[in-house]
Amino acid sequence: QNTINKIAAGEVVERPASVVKELLENAIDAKATAVTVEIKEGGTTFIRITDNGCGIAREEVPLAFLRHSTSKIKSVEDLFTVSSLGFRGEALASIASVSQVELITKTSIGLTGTRYQIDGGEEKTLEEIGAPEGTTFIARNLFYNTPARKKFLKTPTTEGAHVAELVEKLALSHPEVSIRFIQNNQNKLHTSGNHNLKDIIYTVFGREIASNLLEISAKKPEISIQGYIGKPVIARGNRNYENYFINGRYIKSSVICRAIEEAYKPFMMQHKYPFTMLHFTIEPELLDINVHPTKMELRFRDGEMVYQMVYQAVASALAHKEL
Ligand code: ADP
Ligand code: MG
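Not measured: the values here are computed from a predicted model.

Visitor: Teacher, can you tell me more about the overall build of the chain here?
Guide: For the chain, the count of helices and strands is 10 helices and 15 strands. Scored against the burial criterion, the 323 residues of the chain give a buried share of 50%. Residue pairs in contact within the chain that sit at least 24 positions apart in sequence constitute 67% of those at least 6 positions apart. Here the chain displays about 15500 Å² of accessible surface, and carbon together with sulfur accounts for 51% of that area.

Following this line, the structure appears as structure tokens:
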């Protein structure tokens, strides 16, 4: 079982950022309204995620670390239909198999909390402890027991940058959750959790971008688009400033990129890639779910329809007001 977990961990856990992704998504799934992510040395030696979500009942704790134990959905088809981000029940088993994990958790009905320690997949402690409601998850020394994989980690600076980017994307996709990010004891990000997209854009991208935005809004029965387009402050030769979210998930989509860049072309000054931040709400039947779920590139059943809709929405926003 342990070996299987270690091998399979490679699929889910590639680097500190993938650990943070899974744990942060779990916190959001647990209906937390405030989450703190803390890392040291790029997350290679220390990752701590604290949430005020529903917690895990003591008898459920060891079960949550078993492969394919999920309290969430039953099939990949449900991926874009259910509201939860997790679905495979693999993350905790994988993370615990390649690091030293400490978990402190308490539910609203639990009288006391639970502390659980599991090292390289081996259970060490399960004990009662006083704790606030919610969950604190610590993962130490990633890949300490799989040296071959540890070698593939980059420097703490690079790994930390990946974590920071990931936290930003999740903060942007969940404006309803207040997310705090602390790196080497320094506050790096703190979103308000007040649902307001513009506030989040301000917090993550700064004043200059946030004060130069045009609202984008389009609605059809099966698909709606809400968000902003603006000019990137620094000319970038890449698409770092293009952010798309479908039903709460950060995704990449070449169809959406092309539609936006085409519509933006007539207004383009020195910036080829505009700042964009679009939230899509789409009927899951319109999505091609055969794409591997951890890959972020998404395909649509009817790409042309999506292309036209995005193009129109962006073109008409730009036609009405100058950036
Ligand atoms: P998945 O998210 O796919 O269900 P995970 O391995 O990530 O699988 O988590 C296993 C289970 O542990 C979850 O289904 C959930 O019930 C529980 N869990 C994990 N993290 C938390 C958390 N922060 N708060 C409450 N429950 C959690
Ligand atoms: Mg999960």
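From this point on, the discussion continues.
Visitor: Is there a simple way to think about the sheet that holds strand β9 (residues 213-219) in this case?
Guide: Backbone hydrogen bonds hold the strands of a sheet together, and the pairing may be parallel or antiparallel. Taken in spatial order, the 5 strands of this open sheet run β9-β10-β13-β11-β12, and their pairing is mixed. Taken across any chain shown, the strands that pair with only one partner, and hence form the sheet edges, are β9 and β12 (249-251). Each neighbouring strand pair of the sheet contributes to a mean axis angle of 20 degrees, computed without reference to strand direction. The pairing of strand β11 (residues 242-246) with β12 spans 3 bridges and is antiparallel. Pairing of I246 across the sheet is with R249, part of β12. Sheet contacts for helix α9 (residues 254-264): β10 (223-230), β11, β12 and β13 (275-282); angle to β11, the most-contacted strand, approximately 130 degrees.

Visitor: I'm lost on the pattern of salt bridges in this one. Help?
Guide: Note on pairing: side chains with opposite charge can pair once their charged atoms come close. Evaluation of the coordinates by the stated rule reveals 8 salt bridges. The residue R115 makes a salt bridge to E102 at a minimum N-O spacing of 3.1 Å. Taken as a pair, R115 in strand β4 (residues 113-119) and E102 in strand β3 (residues 100-106) lie far apart in primary sequence, 13 residues in all. Exposure remark for E102: the relative accessible area of 11% places this residue in the buried category. Here E102 and R140 are joined by a salt bridge, their closest N and O atoms 3.0 Å apart. Of the two residues, E102 is situated in strand β3 and R140 in strand β6 (residues 134-140); the sequence distance between them amounts to 38 residues. Three or more residues joined by partner-sharing salt bridges are found here, namely E102, R115, E127 and R140.

Visitor: Just checking my understanding: could you explain the sheet that holds strand β8 (residues 186-190) for this structure?
Guide: Pairing in this open sheet of 8 strands is mixed, and the strands run β5-β4-β3-β6-β2-β1-β7-β8 from one edge to the other. For this open sheet the edge positions go to β5 (122-129) and β8, each flanked by a neighbour on one side alone. Strand-to-strand, the axes of this sheet are offset by a mean angle of 10 degrees, without reference to chain direction. Relative to β4, β3 is paired through 6 bridges, and the arrangement is antiparallel. Bridge pairing links I104 to R115 in β4. Across the face of the sheet, helix α2 (residues 16-29) comes into contact with β1 (34-40), β2 (46-51) and β6 while running at roughly 10 degrees to β2. Packed on one face of the sheet, helix α6 (residues 156-173) meets β1, β7 (178-183) and β8 and runs near 170 degrees to β7.

Procedures and definitions
Residues numbered from 1 in each chain as written. Chains lettered and ligands numbered in written order. Predicted model: local features only at pLDDT ≥ 70, side-chain atom pairs only at ≥ 80, totals over all residues. Heavy atoms only, no water. Helix = DSSP H or I, 4+ residues; strand = E, 2+ residues; numbered from the N terminus. Buried < 20%, exposed > 50% of the residue type's maximum accessible area, 1.4 Å probe, protein only. Contact = heavy atoms within 4.5 Å. Areas by Shrake-Rupley, 256 points an atom, 1.4 Å probe, with all protein chains shown as cover. Pairing = 2+ DSSP bridges. Axes fitted to C-alpha atoms, helices over the stretch in contact; angles between N-to-C directions. Salt bridge = Lys/Arg side-chain N within 4 Å of Asp/Glu carboxyl O.

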